[in-house]
Amino acid sequence: MSLIPAPVSCERQEGFFAITASTCVAAQGGAISEASKLIEVLEPAMGFRLGQVERPVDTDCIELKIDSSLRAGLGGEGYELTVSGRVVNLRAADSAGLFYGVQTLRQLLPAAACGKKKVEGIQWTVPCVRITDHPRFAWRGLLIDPARHFIPVSDVERYLDVMALHKFNRLQIHFTDDQGWRIEIKKYPRLTGIGAGMDFSALQAKDQTNGPKAGGFYTQDQIRHLVRYAAERHITIVPEIEMPAHTGAAIVSYPEIGLYPEKLNALPVEKRWRAHEGVLAPRPETVLFMQNVLTEVMDLFPGTHIHIGGDEANIDHWRKSAGMQALIRELKLKDEAELHSWFIRQMDAFLTSRGRQLVGWDEILQGGLAAGAVVMSWRGEEGGITAARAGHDVVMAPTSHTYFDYYQGPAEKEPKAIGGLIPLEKVYAYEPIPSALNADQARHVLGGQAQLWGEFIATQEHRMYMTYPRAAAMAEVLWSPKTSRSYDPFLKRLTDHLLRLKTTEVNYRPL
Ligand code: TNX
């Protein structure tokens, strides 16, 4: 029984339950769709489809049941799983809890159950257990970066599949950056017409790409499909649209939102990539442009949180621009830093008035924020601490422990990475609640997220190699009780867990 992430409590009992072609899955109401998913996910490896029924029977039956009385103790994502020799009982207050209970059930089966091909001659047994489980944190995230290297839809689907097995519930997608704009916006077709076509990363630094071309984008239909696909796995996709910096691809496509439209418009597209200054000119027209983009983004993504980036703005470019200096005076602001926070607040007010919550990297803290904004702390813990003390919700994502684009072993033995060193053990040791926070402030820590920035990652194989097994460690950091965290027992469980990843055809980094 090598469960990852480890459950809150698990008692092993005598005996086994065996799943055979005659086992039925019983569910009613809100449990029905989760029962169907269970049947679906077991079918490829087992080679048979379990029958779905309404009423449970007292033998050879897996019952999934919504029980709202569990909410007080377990929340919507928690569950109780009891396996006896005759029946399996899975109960949760919500469908999310049933889904996570099913993931645990999959892990209780032989590793072969995770595979996509039929396996013969195997007994599909589940050890008898009593498990009570619920997550420590509400935000259990990973980030992928199709802006730097485009990620085909089917690869995003596989990424979501494996996330689900680890009980992650947020996937942030970094759709836009200097190197590419990857999301169709109907009002501004050149964003993808031009901004998605260039293999800018190859232009910029040849050694950053070693695979297929970086170009490509998601149509709105593909986005809707991915949102639905993720939701079926109880994962919310958090879209990230970068501003006011990391916006090169947008500026090349629409020079009028940048600092020097006259200069850029005079150049052919290919030449613009090197001539633009990569930061927006936050004139009223530009604010409107980005708000129009966000309107379409909100239509596509039903989740509360919309990420607007906000990091690494080189405001020196504003200092040197006569137009931006005039804008600062016109808006009665003090300097470039105030212009940055003024711009973020425009977006904040816009999203808030439409019932959404802005999320941004910790640079958005400078200059004050609306109460609803969520801060993602990446330059260490400081941003998270300041934000939580000021009453903002925070997601911890520090470069020290959660940057999965960093090396995970000695550089000479690893594929080329951006730098750094974050081995498995370091990820496992991460504590998302900064010790500087008191209990009240700590409640603002929604959870944590690991970042797989894509500058150096061009293929799905490499993506999986960088993600696993570190994401298995991160999953446990974010789900399991702090008190049960212990590295050596985790490593033992991980050895078994890697068999599951192997049958799932995940190209994880060997221990
Ligand atoms: C910093 S983290 C960035 C990304 C890069 C990453 C590389 C953050 C908010 N900005 O744009 O891809 O470092 O590690």
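Refer to the structure presented above.
Residues numbered from 1 in each chain as written. Predicted model: local features only at pLDDT ≥ 70, side-chain atom pairs only at ≥ 80, totals over all residues. Heavy atoms only, no water.

**As for the overall build of the chain**
Okay, so step 1: Within the chain one finds 21 helices and 17 strands.
Okay, so step 2: Against the 2.2 N^0.38 benchmark of 24 Å for 511 residues, the chain shows a C-alpha radius of gyration of 24 Å, consistent with a compact globule.
Okay, so step 3: Seen through its principal axes, the chain has C-alpha atoms that stretch 80 × 45 × 45 Å.
Okay, so step 4: Within the span of the chain, comprising 511 residues, buried residues form 59% of the whole.
Okay, so step 5: The contacts of the chain with a sequence gap of at least 6 include a subset with a gap of at least 24, amounting to 74%.
Okay, so step 6: Split by element, the accessible area of the chain, about 19,700 Å² in all, is 52% carbon and sulfur.
Okay, so step 7: The centroid of the 56 positive side-chain charges in the chain is displaced by 1 Å from the centroid of its 60 negative side-chain charges. (Helix = DSSP H or I, 4+ residues; strand = E, 2+ residues; numbered from the N terminus. Rg over C-alpha atoms; globule rule 2.2 N^0.38 Å. Buried < 20%, exposed > 50% of the residue type's maximum accessible area, 1.4 Å probe, protein only. Contact = heavy atoms within 4.5 Å. Areas by Shrake-Rupley, 256 points an atom, 1.4 Å probe, with all protein chains shown as cover. Lys, Arg positive; Asp, Glu negative; His and termini not counted. Charge placed at Lys NZ, Arg CZ, Asp CG, Glu CD.)

**Things to note about the environment of Gly355**
Okay, so step 1: Of note, Gly355 is situated in the loop between α14 (336-353) and β14 (357-361).
Okay, so step 2: For Gly355 and Asp58, which are 297 residues apart along the polypeptide, the C-alpha to C-alpha distance reads 47 Å.

**Let's talk about the pairing of strand β5 (residues 79-83)**
Okay, so step 1: Of the two faces of β5, the one holding Tyr79, Leu81 and Val83 is buried and the one holding Glu80 and Thr82 is not buried anywhere.
Okay, so step 2: Alignment of β5 against strand β6 (residues 87-92), held across four bridges, turns out to be antiparallel. For Leu81, the partnering residue across the bridge sits in β6 and is Leu90.
Okay, so step 3: What sits between the antiparallel neighbours β5 and β6 is a turn of three residues. (Pairing = 2+ DSSP bridges.)

**Focus on unusual backbone geometry**
Okay, so step 1: Here Ile4 and Pro5 are connected by a cis peptide whose omega angle stands at -5 degrees.
Okay, so step 2: Backbone torsion omega between Tyr468 and Pro469 reads 10 degrees, so that peptide bond is classified as cis.
Okay, so step 3: Within the secondary structure, Pro469 sits in the loop between α19 (460-467) and α20 (470-479).
Okay, so step 4: Its identity is not glycine, yet Asp60 carries a phi of approximately 55 degrees, on the positive side.
Okay, so step 5: Structurally, the position occupied by Asp60 is in the loop between β3 (51-53) and β4 (61-66).

**Focus: the pairing of strand β7 (residues 124-133)**
Okay, so step 1: The buried fraction of β7 amounts to seven of the ten residues, a majority that puts the element mostly inside the structure.
Okay, so step 2: By the bridge criterion, five bridges tie β5 to β7 in an arrangement that is antiparallel. Residue Val83 lies in a different strand from β7, and its bridge partner there is Val129.

**With respect to the layout of surface pockets**
Okay, so step 1: The space that makes up the largest pocket amounts to roughly 630 Å³.
Okay, so step 2: Forming the boundary of the largest pocket are 29 residues, of which Val41, Arg106, Asp161, Tyr229 and Arg233 lie nearest the centre.
Okay, so step 3: Mapped by element, the contributors of at least two residues to the lining of the largest pocket are α1 (32-46), α3 (95-108), α4 (153-165), α7 (220-232) and α19.
Okay, so step 4: Here the lining of the largest pocket gets six residues from one element, more than from any other, and that element is α1.
Okay, so step 5: The residue inventory of the lining of the largest pocket, partitioned by class, reads 13 nonpolar, five polar and eleven charged.
Okay, so step 6: Both domains that furnish three or more residues to the lining of the largest pocket are identified here as domain 1 (9-133) and domain 2 (139-503). (1 Å grid on protein atoms, 1.4 Å probe; cavity = no way out; pocket = protein on both sides within 12 Å on 5 of 7 lines; lining within 4 Å. Points joined across faces, edges and corners; volume = space filled by probe spheres on them. Nonpolar A, V, L, I, M, F, W, Y, C, P; charged D, E, K, R; others polar. Domains from an automatic or database assignment.)

**Some thoughts on the pattern of salt bridges**
Okay, so step 1: By the definition in use, this model includes 27 salt bridges.
Okay, so step 2: Note that Lys117 and Glu505 form a salt bridge whose closest N and O atoms lie 3.4 Å from each other. Of the two residues, Lys117 sits in the loop between α3 and β7 while Glu505 sits in the segment after α21 (487-503), which places them 388 residues apart along the sequence.
Okay, so step 3: For Lys117, a relative accessible area of 59% gives the class exposed.
Okay, so step 4: A salt bridge links Glu157 to Arg158; its shortest N-O distance comes to 3.5 Å. (Salt bridge = Lys/Arg side-chain N within 4 Å of Asp/Glu carboxyl O.)

**So, the packing of aromatic side chains**
Note on aromatic pairs: each is described by the distance of the centres and the angle between the planes.
Okay, so step 1: The full count for this structure, using the stated rule, is 15 aromatic pairs.
Okay, so step 2: For the ring pair Phe150 and Tyr218, a centre distance of 4.7 Å and an interplane angle of 45 degrees mean the geometry is tilted. With Phe150 in the loop between β8 (139-144) and α4 and Tyr218 in the loop between α6 (200-204) and α7, this residue pair connects regions lying 68 residues apart in the sequence.
Okay, so step 3: By way of ring pairs, the aromatic residues Trp361, Trp378, Tyr403, Tyr406 and Trp453 are connected into one cluster.
Okay, so step 4: We note Lys167 situated over the ring of Trp479; from NZ or CZ to the ring centre the distance is 5.6 Å.
Okay, so step 5: Lying across the ring of Trp139, Arg170 places its NZ or CZ 5.0 Å from the centre. (Phe/Tyr/Trp six-rings, centres within 6.5 Å; stacked < 30°, edge-to-face > 60°. Lys NZ or Arg CZ within 6 Å of the ring centre and 35° of its normal.)

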